[in-house]
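Residue strings, one per chain:
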Amino acid sequence: MQSGRPLVEVVRLGLVPYKEGLRLQQAYVDRHRSGPAHALLLCQHPPVYTTGIRSKPYPAPLLDRLRLLGADVHRTNRGGLITFHGPGQLVCYPVLHLGSFRKGMRWYVGQLEKTVISLCSRFGLEAATSPHTGVWVGDNKICAIGIHCGRYVTSHGLALNCNTDLSWFGHIVPCGIEGKGVTSLSRELQRDVSVEETIPHLLDAFTEQFSCQLTEGETPEPEQNSGVSSA
C-alpha cells in the first residue's frame, strides 16, 4: 500500500430514501470530528426533486405538482437550484476533509468534474465542462454537481445519469438553466448502461483525480422508521 495518499472508504448504500441519505451523510461528516475519516457514499434514490440554496423558496404550488407525480421533494443546503434524483442515476456523496487534499473549493469542484469526464471517456464518450457547473455532452447535462462544505468537510456531491428515466426532468428547469437538456450514458451510447456497470469506472477515475486509495467499507444499518418525508 502506498503511503502519503489519503484513504477513502467506499460505502455502497444501494437504493435509499433521500432523507436516509442525508442522515447517513451527516453521520459520516460527524466522524471527522476525531480526525480524517474520508468516505465515498454510493447510492440511488427513489424519485425525488431536491432544491438547493437560493434567495427564496420555490412556490408551494410547483412543489405540490411535483409531489403529485409520485416524487418526494426536499430542500437541501447544497449549492445549485432544483434537480431530480431517481433510480438509474448514480449518486456519489464524497465526505472528505479537504485538508488531506487541497482546501480550495474551486479545486474540489474541478476534480469532481474531471472525475466524471474521465469516467465518460472510459465509455468512449466525450464530455466536457461549461460555464455552468456539472458535466455536459454538447448542450445536454449528463451529471449534476451540487456540494456543501463546512469546516473543510464536504457533503452532497454528484449525480450521474446512467439509465435514468429522463422524463422526470421534463417537469422542471434542471438546475435553473434555461434552454439546455439532459442526457444519460444509455442515451448517448444507445444501449443500457446500469449503475452497477458504471460504479467501477467511477471508482477508478476518482482514485486517479484525487490521488487517493480506496478501501471497501461496511454498509450501515438503516435507521428505524427512516421513511420518506417531504420538505
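Basis of the calculations
- Residues numbered from 1 in each chain as written.
- Predicted model: local features only at pLDDT ≥ 70, side-chain atom pairs only at ≥ 80, totals over all residues.
- Heavy atoms only, no water.
- Core = buried A, V, L, I, M, F, W, Y, C linked by side-chain atoms within 4.5 Å.
- Buried < 20%, exposed > 50% of the residue type's maximum accessible area, 1.4 Å probe, protein only.
- Helix = DSSP H or I, 4+ residues; strand = E, 2+ residues; numbered from the N terminus.
- Contact = heavy atoms within 4.5 Å.
- Disulfide = S-S within 2.5 Å.
- Expected span 1.5 Å × (residues − 1).
- Salt bridge = Lys/Arg side-chain N within 4 Å of Asp/Glu carboxyl O.
- Pairing = 2+ DSSP bridges.
- Axes fitted to C-alpha atoms, helices over the stretch in contact; angles between N-to-C directions.

**Student:** Would you mind going over the nonpolar core in detail, with residue names and values included?
**Tutor:** If you look at soluble globular proteins, the nonpolar side chains tend to sit buried side by side. Counting 37 residues, the largest nonpolar core has Leu-42, Tyr-108, Ile-142, Cys-143, Leu-160, Leu-185 and Phe-210 as the members making the most contacts within it. Listing elements by their share of this core, those giving two or more residues are strand E1 (7-15), strand E2 (39-44), strand E6 (89-95), helix H3 (105-122), strand E7 (135-137), strand E8 (140-150), strand E9 (153-161) and helix H5 (195-210). Per-element tally for this core: the top contributor is H3, with 7 residues. Beyond its immediate sequence surroundings of up to four residues, Leu-160 is in contact with Gly-88, Gln-89, Leu-90, Val-116, Leu-119, Ile-142, Cys-143, Leu-185 and Thr-198. Counting residues in hydrophobic clusters, the runner-up holds 16 residues, among them Val-11, Leu-24, Cys-43 and Tyr-93.

**Student:** Any chance you could break down the state of the cysteines for me, citing the residues and the numbers?
**Tutor:** Under the definition given, this model contains 0 disulfides. Note on Cys-43: no disulfide assigned, nearest cysteine sulfur contributed by Cys-92 at a separation of 8.8 Å. Cysteine Cys-120 remains unbridged, with the sulfur of Cys-143 as its closest cysteine sulfur at 7.7 Å. When its relative accessible area of 0% is taken as the criterion, Cys-120 is described as buried.

**Student:** Please set out the environment of Gly-179 residue by residue, giving values where relevant.
**Tutor:** Position of Gly-179 among the secondary structure elements: in the loop between E9 and strand E10 (181-182). For Gly-179, a relative accessible area of 75% puts it in the exposed group. Considering only alpha carbons, one finds Gly-179 and Asn-140, 39 residues apart in sequence, at a separation of 9.7 Å.

**Student:** Talk me through H3; I want residue IDs and the actual numbers.
**Tutor:** With 18 residues, H3 extends 26 Å between its outermost C-alpha atoms, agreeing within 8% with the 26 Å of an ideal straight helix rising 1.5 Å per residue. By the burial criterion, the buried members of H3 are Trp-107, Tyr-108, Val-109, Gly-110, Gln-111, Leu-112, Glu-113, Thr-115, Val-116, Ser-118, Leu-119 and Cys-120. Just downstream of H3 lies Gly-124, where phi reads positive at about 75°.

**Student:** With reference to specific residues and values, describe the pattern of salt bridges.
**Tutor:** Under the defined criterion, the tally for this structure stands at 8 salt bridges. Its salt-bridge partner being Glu-9, residue Arg-31 comes within 3.2 Å of it at the nearest N-O pair. Pair noted here: Arg-31 is in helix H1 (residues 18-31) and Glu-9 is in strand E1, with a separation of 22 residues, a long-range link. For Arg-31, a relative accessible area of 30% translates into the label partly exposed. Judged by its relative accessible area of 18%, Glu-9 is buried. Between Arg-122 and Glu-208 there is a salt bridge, with its nearest N and O atoms 3.0 Å apart. With Arg-122 in helix H3 and Glu-208 in helix H5, this pair connects stretches of sequence that are 86 residues apart. By relative accessible area, which is 30% here, Arg-122 ends up partly exposed.

**Student:** Could you give me a rundown of the side chain of Asn-161, with the residues and numbers involved?
**Tutor:** Turning to its location among the elements, Asn-161 is positioned in strand E9. Apart from residues no more than four positions distant in its own chain, Asn-161 is found in contact with Gly-88, Gln-89, Lys-141, Ile-142, Leu-166, Phe-169, Thr-183, Ser-184 and Leu-185.

**Student:** With reference to specific residues and values, describe the sheet that holds strand E5 (residues 83-85).
**Tutor:** Ordered by their spatial adjacency, 3 strands build an open sheet running E4-E3-E5, and the pairing between neighbours is mixed. Pairing within the sheet leaves two strands with one partner each, and these edge strands are strand E4 (72-75) and E5. Going from strand to strand, the sheet's axes swing by 30° on average, the running direction of each strand aside. Taken together, the 4 bridges between strand E3 (residues 48-51) and E4 define a ladder with parallel strand orientation. Paired with Thr-51 across the strands is Arg-75, a residue of E4.

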